[in-house]
Amino acid sequence: VEEESRFFLGKLRSLDGSPDLGTSKQFHSYFSAFLASARSVLQILCPTRRDWGWVDAWMATRPPRDKEIYNVFRDLRDAAVHVEQRGPDTNVELVPESELSHRGRSQTSGSVYLPRFSAKESPRVGVTTYSVRLSGSKESAVGCCEEYLGLLTHLVSHREKMPQW
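Residue numbers here run from 1 along each chain, matching the order of that chain's written sequence. With the structure being a predicted model, the display of local features is reserved for residues of pLDDT at least 70 and the display and counting of side-chain atom pairs for 80 or more, all residues being used for whole-chain, interface and lining totals. Working from all heavy atoms in the structure, the side-chain values ignore hydrogens and water.

J.: Could you give me a rundown of helix α2 (residues 24–45), with the residues and numbers involved?
T.: To qualify as a helix, a DSSP run of H or I must reach at least 4 residues; to qualify as a strand, a run of E must reach at least 2; elements of each kind are numbered from the N terminus. To estimate how far a helix should extend, the number of its residues minus one is multiplied by 1.5 Å. For α2, built from 22 residues, the straight-helix expectation of 32 Å at 1.5 Å per residue is met to within 8% by its first-to-last C-alpha distance of 33 Å. The angle between axes fitted to the seven residues ending at a residue and the seven residues starting there is what we call the bend at that residue. At arginine 39, α2 shows its largest kink, close to 25°. The buried label applies to any residue whose accessible area, calculated with a 1.4 Å probe on protein chains only, is under 20% of its type's maximum; exposed applies above 50%, and partly exposed to all values in between. Listed in full, the buried residues belonging to α2 are Phe27, His28, Phe31, Phe34, Leu35, Ser37, Ala38, Arg39, Ser40, Val41, Leu42 and Leu45.

Spelled out as structure tokens, the structure:
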């Protein structure tokens with residue numbers, strides 16, 4: 001399951017910050033798949049409702065940031081699966097052309113360029129980024145996915161060390 005989650009995380013990384021402004025649907029699809037695959041590891045370890053006690057006990061010992069990441073991503077996954085497709089916010093940022101990372105695409109594919117007004121100004125390009133809300137502020141969706149997967153990996157490791165496991 002972790003391998004599958006890492007696959008989807010890699011897809012998310014490749015689309016975040018892309019100058020191709022038409023990637024939002026792809027990103028949201030990969031985000032939903034990431035949420036489902038990451039959460040499934042706990043569902044395998046906790047096949048019934050009463051099996052979740054150890055997760056709650058372990059999460060109670062974690063710092064506030066871990067608790068928030070866990071709760072936000074659990075709720076996003078539950079909403080995506082049971083209610084409606086919810087995901088990160090889509091943002092378009094203008095960055096200097098020189099700051100674009102090269103991802104194997106044409107820099108002009110789907111991009112928005114602003115005209116150059118002086119020889120000192122670098123052309124700016126619209127790139128798509130994605131964010132989730134934590135503690136009332138927007139944070140990188142990909143960065144939060146990385147934190148969430150790290151937290152789940154740590155949680156599974158904790159479970160494997162438990163005597164009754």
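J.: Can you break down the pairing of strand β3 (residues 137–140) residue by residue, with the values?
T.: Regular strands show a simple pattern: their side chains alternate between the two faces of the sheet. Strand pairing is assigned whenever DSSP identifies at least 2 bridges connecting the two strands. Strand direction decides the pairing type here: strand β2 (residues 124–134) and β3, joined by 4 bridges, are antiparallel. Its bridge partner lying in β3, valine 132 is registered against glutamate 139. Where β2 folds back on β3, the antiparallel hairpin that results is connected by 2 residues, among which serine 135 adopts a positive phi of roughly 50°.

J.: If you had to explain the packing of aromatic side chains to someone new, which residues and values would you point to?
T.: Pairing of aromatic rings covers Phe, Tyr and Trp, the last through its six-membered ring, and needs centres within 6.5 Å; plane angles under 30 degrees mean stacked, over 60 mean edge-to-face, and all others mean tilted. Going through the model one piece at a time under the given rule, you end up with 7 aromatic pairs. Centre to centre, the rings of phenylalanine 27 and phenylalanine 31 are 6.4 Å apart; their planes meet at 15°, and the pair counts as stacked. Of this pair, phenylalanine 27 and phenylalanine 31 both sit in helix α2, 4 residues apart, roughly one helical turn. The pair formed by phenylalanine 27 and phenylalanine 31 is uniform in burial state, with each residue classed as buried. Centre to centre, the rings of phenylalanine 34 and tyrosine 148 are 6.4 Å apart; their planes meet at 65°, and the pair counts as edge-to-face. Here phenylalanine 34 is found in helix α2, whereas its partner tyrosine 148 is found in helix α5 (residues 141–161), with 114 residues between them in sequence.

J.: An account of the pairing of β2 is requested, with residue identities and associated values reported.
T.: The buried fraction of β2 is high, at 9 of 11 residues. Where strand β1 (residues 89–96) meets β2, 8 bridges bridge the pair, whose relative direction is antiparallel. From the neighbouring strand, aspartate 89 faces β2, where its bridge partner is serine 131.

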